[in-house]
Amino acid sequence: MPDQRTDRRPMAIVAERARILLERARPFVARARIWGERLPGGERTMWIGGTVILVVLFIWAIKPGANDDRDQFGRGGPTPVGVAKVEATDIAVAMNALGTVTPLATVTVKPQVSGTLMRLNFTEGQMVTAGEVLAEIDPRTYQAALNQANGQLLRDQAQLANARLDLQRYRTLLSQNSIARQQVDTQAATVRQAEATVQADQAVVETAAINLGYTKIVSPVGGRVGLRQVDIGNIVDASTSGIVVVTQLQPISVLFSVPEDSIDAIMDRVKAGAILAVEAYDRGQTKKLATGTLSTVDNQIDTTTGTVKLRAMFDNAHDDLFPNQFVNVRLLVSTLHKQTAVPSAAIQRGTSGTFVFAVNVDNTVSMRPVSLGPTDGDKIAITRGLKPGETVVVDGADRLRDGAEVILPGKPAAAPTTERDRGQWRGRHRRSGSEGGQ
């Protein structure tokens, strides 16, 4: 039958030792009073000495014994770890950058003629189309100016028609040698003057018509209107700050910058005719907002930052991107196929470089130096040091050393080879068996 003291948990062992101490201390308590009378200082000396003895005994009670499986650092037995398989998979070569959502058009709608603002045909935040009437100015003054210009045009057109008839008569008389040529030439000049007057009148009519059209203020682009900047009843003119701001939302672009060292890889793909995908994430990089494509690359490097600006286009059909919004951009440059990859949690870093703990068939681990490749999310490519199908530690590596024994999830620890380790291994399994029976 196994020793009961080794079958219990550490706190139970401490309680057991305390109970034993109390039982052994009872005879001494009875004699303590007699000794206290004989000692120099009496009971005071006795109580001081007894306190020191109790402190020493308490330290002994809580001190881990030789039969414990582990010391305070967890050494002396197998370490439970989390593992993952090395796999051959596709790795996306991507570049991360900070970007700003930038509308393709932001227009401040202003009046182009003076007058009283009669009507606003929009509500704040409304989506409008290009050419839609947003506001109306009192048109009566401009309608009267157009009517006046049309009347002037009609009068001058009548004079032009009469001058042309006179010129035709003079030419007939000249052919009969009835009048002098000078009179014909003078009439021809009169006709040309009348034609110029009519042409000027037509320009005045067109100007009046344009000004009348300006009394209806239309949106130059489609998009969302903002807050109105003027109220009905105010007199507005071309110097007014504006009626409202219209921002185009569909499509919309994102401007971001990449280091100049990365531009070669991007330009090689662009020159090859590839359409590079771009993803926009929120500030915390937890939610993907939209997916678009790379539109253009700037024509020069910013010498102050050593970066190049790029523009990505998004259809923004569901208004997921908001103008001037800060986003995290992920530009997919290429995809590497059948790459040896492990979770990023498996990578350890030390003075000698990067390494992983590879799990051997005997449930021990080996430090394996590795060379890292591109990172794709929580996966990282391994260019040297591992093969697909191997097992690496992803959780608990901070408690391991080269050659350490581990316990894999769902599997018992392998039996040790040394006699001392065998004894500890058998004790652990006896305890686990008794605990399972309980």
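Keep in mind that what you see is a predicted model, and the values were worked out from it rather than measured.

**Re the sheet that holds strand β4 (residues 106-109)**
Strand order in the open sheet made by the four strands is β4-β11-β9-β6, with antiparallel pairing throughout. Two strands bound the open sheet, and with one partner strand each, they are β4 and β6 (127-128).

**Thoughts on the nonpolar core**
Judged by nonpolar contacts, the single largest core of 35 residues is most densely connected at Phe-122, Leu-134, Ile-243, Val-244 and Val-246. With residues near it in sequence (within four places) discarded, Leu-134 still touches Val-109, Arg-119, Leu-120, Asn-121, Phe-122, Val-128, Ile-217, Val-218, Ser-219, Val-244 and Val-246. Counting residues in each nonpolar core, the second largest holds 26 residues, with Val-278, Ala-290, Phe-314 and Val-329 among its members.

**Let's talk about the pairing of strand β21 (residues 379-384)**
Walk down a regular strand and you will see the side chains alternate between the two sheet faces. Note: strand β16 (residues 326-343) against β21, three bridges, orientation antiparallel. Bridge pairing in β21 links Pro-343 to Lys-379. Relative to β21, strand β20 (residues 371-376) runs antiparallel, the two being bridged by four bridges. Of the residues in β21, the one forming a bridge with Thr-375 is Ile-380. In this structure, the hairpin formed by β20 and β21 is closed by a connection of two residues, where Gly-377 is found at a positive phi of approximately 65°.

**Description of unusual backbone geometry**
Look at the link from Gln-250 to Pro-251: it is a cis peptide, with omega at -5°. Residue position: Pro-251 is located in the loop between β11 (244-247) and β12 (252-259). Phi angles above zero are rare outside glycine, and Gln-285 is one such case at about 55°. Residue class for Gln-285 comes out exposed when judged on its relative accessible area of 51%. The backbone phi angle of Asn-316 is positive, close to 55°, even though this residue is not glycine. Within the element layout of this structure, Asn-316 appears in the loop between β15 (307-314) and β16. The class of Asn-316 is buried, set by a relative accessible area of 2%.

**A closer look at the pattern of salt bridges**
Pairing of side chains with opposite charge becomes possible as their charged atoms draw close. Applying the stated rule across the entire model yields 13 salt bridges. The salt bridge involving Glu-195 is made with Arg-164; its shortest N-O contact spans 2.8 Å. Here Arg-164 lies in helix α3 (residues 140-175) and Glu-195 lies in helix α4 (residues 181-213), a separation of 31 residues in the sequence. Accessibility expressed as a relative area gives 43% for Arg-164, which makes it partly exposed. The salt bridge involving Glu-279 is made with Lys-288; its shortest N-O contact spans 3.7 Å. Where salt bridges share partners, they join Glu-279, Lys-288, Arg-330 and Asp-376 into one cluster.

**Some remarks on the environment of Ile-217**
Tracing the backbone through its elements, the reader meets Ile-217 in strand β8 (residues 216-218). By relative accessible area, which is 5% here, Ile-217 ends up buried. Every residue in contact with Ile-217, bar those within four places of it in the chain, is listed here: Val-109, Lys-110, Pro-111, Glu-132, Val-133, Leu-134, Ala-135, Ile-137 and Ile-243.

**Quick notes on the confidence of the model for the chain**
Mean pLDDT over the chain works out to 83, with 78% of the residues at or above the 70 mark. Across residues 64-74 the pLDDT falls below 50, and counting only partners more than four positions away or on other chains, this stretch makes 14 contacts in the model. Segment residues 428-438: pLDDT under 50, and eleven contacts once partners within four positions in sequence are set aside and those in other chains are kept.

**Remarks on the sheet that holds strand β5 (residues 115-120)**
Strand order in the open sheet made by the four strands is β8-β7-β5-β10, with antiparallel pairing throughout. Each edge of the open sheet carries a strand with a single partner, namely β8 and β10 (235-236). Sheet topology note: the β5/strand β7 (residues 133-137) ladder contains three bridges and is antiparallel. Bridge pairing in β7 links Leu-117 to Ile-137.

**Some words on α3**
Between the first and last C-alpha of α3 there are 53 Å, a value that for 36 residues agrees with the 52 Å anticipated at 1.5 Å per step. On its buried side, α3 packs onto α4.

**Observations regarding a nonpolar patch on the surface**
Residues Ile-48, Val-52 and Val-56 make up a contiguous nonpolar surface patch of about 270 Å² in total accessible area. Structurally, the position occupied by Val-52 is in helix α2 (residues 43-62).

**Overview of a negative patch on the surface**
A cluster of acidic residues, Glu-260, Asp-261, Asp-264 and Asp-268, forms a negative patch on the protein surface. Tracing the sequence through the fold places Asp-264 in helix α5 (residues 263-271). Judged by relative accessible area, Asp-264 falls into the exposed class, the value being 53%.

**What to know about the side chain of Thr-340**
Mapped onto the fold, Thr-340 is located in strand β16. The exposure class assigned to Thr-340 is buried, which follows from its relative accessible area of 15%. Residue contacts for Thr-340: discarding those within four places in its chain leaves Val-86, Glu-87, Ile-380, Ala-381, Ile-382, Leu-386, Lys-387 and Pro-388.

Conventions and cut-offs
- Residues numbered from 1 in each chain as written.
- Predicted model: local features only at pLDDT ≥ 70, side-chain atom pairs only at ≥ 80, totals over all residues.
- Heavy atoms only, no water.
- Pairing = 2+ DSSP bridges.
- Helix = DSSP H or I, 4+ residues; strand = E, 2+ residues; numbered from the N terminus.
- Core = buried A, V, L, I, M, F, W, Y, C linked by side-chain atoms within 4.5 Å.
- Buried < 20%, exposed > 50% of the residue type's maximum accessible area, 1.4 Å probe, protein only.
- Contact = heavy atoms within 4.5 Å.
- Salt bridge = Lys/Arg side-chain N within 4 Å of Asp/Glu carboxyl O.
- pLDDT = per-residue confidence, 0-100.
- Expected span 1.5 Å × (residues − 1).
- Patch = residues over 30% accessible without salt bridge, like charges linked within 9 Å, V, L, I, M, F, W, Y side chains within 5 Å.
- Areas by Shrake-Rupley, 256 points an atom, 1.4 Å probe, with all protein chains shown as cover.
- Lys, Arg positive; Asp, Glu negative; His and termini not counted.
- Charge placed at Lys NZ, Arg CZ, Asp CG, Glu CD.

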